[in-house]
Amino acid sequence: MKKNIKSLGEAELEIMQAIWDAKEPVTSNYILKQLYGRRKWQLSTLMTSLTRLSGKGFVACDRSKDVNLYTAIIAEDDYKAKESSHFLEKMYHNSIQNMVATLYSNQMIQQSDVDELRKYLDGVLGQGDEIGPG
């Protein structure tokens, strides 16, 4: 995971989600269509955001074709890992146990969620994998 990944604002994250979901280079019109219903943007607003995302190192623009094609430079999983780590550190002092306990005691997750997590961890640990920094 890259350490110097910047954080995204809500609108930037929605744009990146559209690009990540496509799994191939996309046009600005494609992104605009994906955001339809969530954002009432003109193309110029999207273009400003794409320029900002490019400056942050999130997207590359291929201008060699008749239309500009945008590609994610930072993988979705890398971004999620960075943001999750930051959130866990900031809110729960790097304790997953504290996070789960807080969510459970406030009825944000149910026993079935805890059981699902236990099953997942048992499966991962049962394969001989360790959880933690690699």
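Remember, predicted model here, so these are calculated numbers, not experimental data. (Residues numbered from 1 in each chain as written. Predicted model: local features only at pLDDT ≥ 70, side-chain atom pairs only at ≥ 80, totals over all residues. Heavy atoms only, no water.)

1. So, the environment of Arg52
Link 1 in the chain: Inspection of the secondary structure puts Arg52 in helix α3 (residues 43-55).
Link 2 in the chain: A distance of 3.2 Å separates the side chain of Arg52 from the side chain of Glu12, its partner in a polar contact. (Helix = DSSP H or I, 4+ residues; strand = E, 2+ residues; numbered from the N terminus. Polar contact = N/O pair within 3.5 Å; in protein donor to acceptor, adjacent residues only side chain to side chain.)

2. Overview of the packing of helix α1 (residues 10-22) against helix α2 (residues 28-35)
Link 1 in the chain: Relative orientation of the contacting elements α1 and α2 amounts to 110°, with a least axis distance of 9 Å. Put simply, α1 runs roughly perpendicular to α2. α1 and α2 meet at a crossing whose hand is right-handed. Packed against α1, whose contacting residues are Glu14, Ile15, Ala18, Ile19 and Ala22, the element α2 presents Tyr30, Ile31, Gln34 and Leu35 at the interface. (Axes fitted to C-alpha atoms, helices over the stretch in contact; angles between N-to-C directions. Parallel < 35°, antiparallel > 145°, perpendicular 65-115°, else oblique. Left-handed = near helix turned anticlockwise from the far one by under 90°. Contact = heavy atoms within 4.5 Å.)

3. Structural notes on the pairing of strand β1 (residues 59-62)
Link 1 in the chain: Looking at chain direction, β1 and strand β2 (residues 69-72) are connected through four bridges and run antiparallel. Residue pairing for β2: Asp62 is matched across the bridge by Leu69. (Pairing = 2+ DSSP bridges.)

4. So, the pattern of salt bridges
For side chains of opposite charge, pairing can occur when their charged atoms come near one another.
Link 1 in the chain: In this structure the tally under the stated criterion is seven salt bridges.
Link 2 in the chain: Its salt-bridge partner being Arg39, residue Glu10 comes within 3.8 Å of it at the nearest N-O pair. Here Glu10 is found in helix α1, whereas its partner Arg39 is found in the loop between α2 and α3, with 29 residues between them in sequence.
Link 3 in the chain: By relative accessible area, Arg39 is classed as partly exposed at 23%. (Salt bridge = Lys/Arg side-chain N within 4 Å of Asp/Glu carboxyl O. Buried < 20%, exposed > 50% of the residue type's maximum accessible area, 1.4 Å probe, protein only.)

5. Digging into α1
Link 1 in the chain: In this model, α1 (13 residues) spans 19 Å end to end at C-alpha, consistent with the 18 Å of a helix rising 1.5 Å per residue.
Link 2 in the chain: All buried positions along α1 are accounted for by Ala11, Glu12, Glu14, Ile15, Met16, Ala18, Ile19, Trp20 and Ala22.
Link 3 in the chain: Where α1 is buried, its residues touch α2, α3, β1, β2 and α4 (76-92).
Link 4 in the chain: Phi turns positive, to about 60°, at Lys23, one or two residues after α1. (Expected span 1.5 Å × (residues − 1).)

6. Overview of the packing of α2 against α3
Link 1 in the chain: Viewed as axis vectors pointing N to C, α2 and α3 meet at an angle of 110°, and their least axial separation amounts to 10 Å. Comparing their axes, α3 and α2 come out roughly perpendicular. On α3, the residues that touch Ser28, Asn29, Ile31, Leu32 and Leu35 of α2 are Leu43, Leu46, Met47 and Leu50.
Link 2 in the chain: Its residues assigned to classes, the contact of α2 with α3 shows seven nonpolar, two polar and no charged. (Nonpolar A, V, L, I, M, F, W, Y, C, P; charged D, E, K, R; others polar.)

7. A short note on the packing of aromatic side chains
Link 1 in the chain: Scanning the model with the defined rule gives three aromatic pairs in all.
Link 2 in the chain: Aromatic side chains Trp20 and Tyr79 sit 6.0 Å apart centroid to centroid with 35° between the ring planes, which places their arrangement in the tilted category. A residue pair is termed long-range when its members are at least 10 positions apart, and Trp20 in helix α1 and Tyr79 in helix α4 qualify at 59 residues.
Link 3 in the chain: According to the relative accessible area criterion, Trp20 is buried, its value standing at 8%.
Link 4 in the chain: By way of ring pairs, the aromatic residues Trp20, Phe58 and Tyr79 are connected into one cluster. (Phe/Tyr/Trp six-rings, centres within 6.5 Å; stacked < 30°, edge-to-face > 60°.)

Function cannot be read off these values alone, since they describe shape.
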